[in-house]
Amino acid sequence: MSRDDTVAEIREAVAETAPTIRAGLPGRREKGDAENPTGDRRLAADEYADDLLEDCLGGIDGVGEYASEERAAVVDTGTGLSVAVDPLDGSSNLKPNNVMGTIVGVYDAPLPARGRDLIAAGYVLYGPLTTMVFAEGASATEYLIEEGVASELRTGVTLPEDPTVYGFGGRVPDWPDDFAAYAESVESELKLRYGGAMIGDINQVLTYGGVFAYPGLRSAPEGKLRLQFEANPVGYVIRAAGGRTSDGDGSILDIDPDGLHDRTPTHLGNASLIERLESTLD
Ligand SMILES: O=P(O)(O)OC[C@H]1O[C@](O)(COP(=O)(O)O)[C@@H](O)[C@@H]1O
Ligand SMILES: [Mg+2]
Ligand SMILES: [Mg+2]
């Protein structure tokens, strides 16, 4: 099977699985005792979505590796592309019934890999509607998912030129002074939209233009978000939509990973706002 055919199968499989993930959420809203590899207490829903995605993505012929935020090691699934997944992004939003997502990165390299090795990436947003944004190369498309079938809503998705929203994670007293100074400059121009699920927040940035960040913190210099499963794939989508990514110094997509569950300071959005971030940070 060609690489493009495998990517198309992955995209279709993610769309097909999304309603099953969504339908399985009631009754799986409580935290269990087990922790995932980065120390978050896992919900039954995290495990449920991970198992479903391992079955459907790992089962595709051209997929050779499956990895997820929820499991310590890479699963060998044959020969071919590597798929890295955040099965449920923002799962702490399940209890208060707020938006969540599923993130998928398709790397043409063994995991852990650089963002530059991604050949496709996308996410599902479980909002009032179930939508998916999927990027391949330099082009991003938004789909509506109904009954497991994706229909195109918008092709050539690009960040609006005149940005209006921002959302920054972490407690304000835990922000380093240079990031706090950046936040102050952004706050005076843009409206705050922060919902506690990266995918919900990033989809607002993609729709209205702006900047999303989970910065390095005083207490956690690498921040919270995971490079393989969150920052790289979502950064790839933002890049395809004409935006930029930064870990504070340079593009997130250029980071050489040390481990599968590495974290990175994450800043994503309109190029002008990311350029300003890099010139404000020490
Ligand atoms: O609760 P906080 O500190 O605002 O963190 C929110 C961030 O954590 C995350 O929920 C982490 O995702 P998971 O639910 O996959 O662990 C991001 O989606 C979001 O940006
Ligand atoms: Mg997440
Ligand atoms: Mg998750």
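In the nomenclature of an unreviewed UniProt entry, the chain is known as Fructose-1,6-bisphosphatase class 1 of Haloplanus rallus. According to its UniProt record, the chain has this under Subcellular location (unreviewed entry): "Cytoplasm". We quote the UniProt Subunit (unreviewed entry) comment for the chain here in full: "Homotetramer."

### Describing the packing of helix α1 (residues 3-23) against helix α2 (residues 44-58)
Closest axis-to-axis distance for the α1/α2 pair is 10 Å, and the angle between their directions is 150°. In terms of axis orientation, α1 runs roughly antiparallel to α2. The hand of the α1/α2 crossing is right-handed. Touching Ile 10, Ala 13, Val 14, Thr 17, Thr 20 and Ile 21 of α1 are Tyr 48, Ala 49, Leu 52, Leu 53, Cys 56 and Leu 57, all from α2.

### Some words on the pattern of salt bridges
Inspection of the entire model under this criterion finds 16 salt bridges. Between Arg 71 and Asp 51 there is a salt bridge whose closest N-O contact spans 3.6 Å. Here Arg 71 is found in the loop between β3 (63-68) and β4 (75-76), whereas its partner Asp 51 is found in helix α2, with 20 residues between them in sequence. Given the relative accessible area of 18%, Arg 71 is considered buried. Note that Arg 116 and Asp 254 form a salt bridge whose closest N and O atoms lie 2.6 Å from each other. With Arg 116 in the loop between β6 (100-107) and β7 (118-126) and Asp 254 in the loop between β14 (244-246) and β15 (266-269), this pair connects stretches of sequence that are 138 residues apart. Residue classification places Arg 116 among the partly exposed residues on the basis of a relative accessible area of 41%. We classify Asp 254 as partly exposed; its relative accessible area is 41%.

### Looking at the nonpolar core
Phe 168, Phe 179, Leu 206 and Val 211 are the most contacted members of the largest nonpolar core, which totals 53 residues. Here this core gets eight residues from one element, more than from any other, and that element is helix α5 (residues 227-240). Built from parts of two domains, this core gets at least three residues from each of domain 1 (3-154) and domain 2 (165-280). In contact with Phe 168, not counting residues within four places along its chain, are Trp 175, Phe 179, Tyr 182, Ala 183, Val 186, Tyr 194, Val 211, Phe 212 and Ala 213. One finds Val 63, Val 83, Ile 119 and Tyr 143 within the second-largest nonpolar core, a separate group that totals 33 residues.

### A look at the pairing of strand β8 (residues 130-136)
Of all the seven residues making up β8, six are buried; the element is thus mostly covered by neighbouring parts of the structure. The pairing of β7 with β8 spans seven bridges and is classified as antiparallel. Its bridge partner lying in β8, Tyr 123 is registered against Val 133. Bridge count for β8 against strand β9 (residues 139-146) is six bridges, and the pairing is antiparallel. Counted as the bridge partner of Val 133 is Glu 142 from β9. Hairpin remark: β8 followed by β9, antiparallel, with two residues in the connecting loop; positive phi at Gly 137, about 60°.

### Points about the UniProt feature "domain: Fructose-1-6-bisphosphatase class I N-terminal" (unreviewed entry) in the chain
Here, UniProt's "domain: Fructose-1-6-bisphosphatase class I N-terminal" (unreviewed entry) annotation points to residues 32-146. Secondary structure content for residues 32-146 is 13% helix and 49% strand, while the C-alpha to C-alpha distance between its ends is 31 Å.

### Describing the site of ligand 1
Lining the immediate surroundings of ligand 1 are 17 residues, of which Asp 89, Gly 90, Tyr 194, Met 198 and Tyr 214 lie closest. Residue Glu 230 places a side-chain N or O atom 3.1 Å away from an oxygen atom belonging to ligand 1. Contact with the protein chains covers 83% of the free accessible surface of ligand 1, which is 470 Å². Elements represented by at least two residues in the shell around ligand 1 include exactly β5 (81-89) and β13 (210-214). Considered class by class, the residues forming the shell around ligand 1 number seven nonpolar, three polar and seven charged. For the shell around ligand 1, the two domains that each supply at least three residues are domain 1 (3-154) and domain 2 (165-280).

So, how was this worked out
Residues numbered from 1 in each chain as written. Chains lettered and ligands numbered in written order. Predicted model: local features only at pLDDT ≥ 70, side-chain atom pairs only at ≥ 80, totals over all residues. Heavy atoms only, no water. UniProt positions renumbered as here; feature names shortened; annotations may be inferred. Axes fitted to C-alpha atoms, helices over the stretch in contact; angles between N-to-C directions. Helix = DSSP H or I, 4+ residues; strand = E, 2+ residues; numbered from the N terminus. Parallel < 35°, antiparallel > 145°, perpendicular 65-115°, else oblique. Left-handed = near helix turned anticlockwise from the far one by under 90°. Contact = heavy atoms within 4.5 Å. Salt bridge = Lys/Arg side-chain N within 4 Å of Asp/Glu carboxyl O. Buried < 20%, exposed > 50% of the residue type's maximum accessible area, 1.4 Å probe, protein only. Core = buried A, V, L, I, M, F, W, Y, C linked by side-chain atoms within 4.5 Å. Domains from an automatic or database assignment. Pairing = 2+ DSSP bridges. Near = heavy atom within 4 Å. Polar contact = N/O pair within 3.5 Å; in protein donor to acceptor, adjacent residues only side chain to side chain. Areas by Shrake-Rupley, 256 points an atom, 1.4 Å probe, with all protein chains shown as cover. Nonpolar A, V, L, I, M, F, W, Y, C, P; charged D, E, K, R; others polar.

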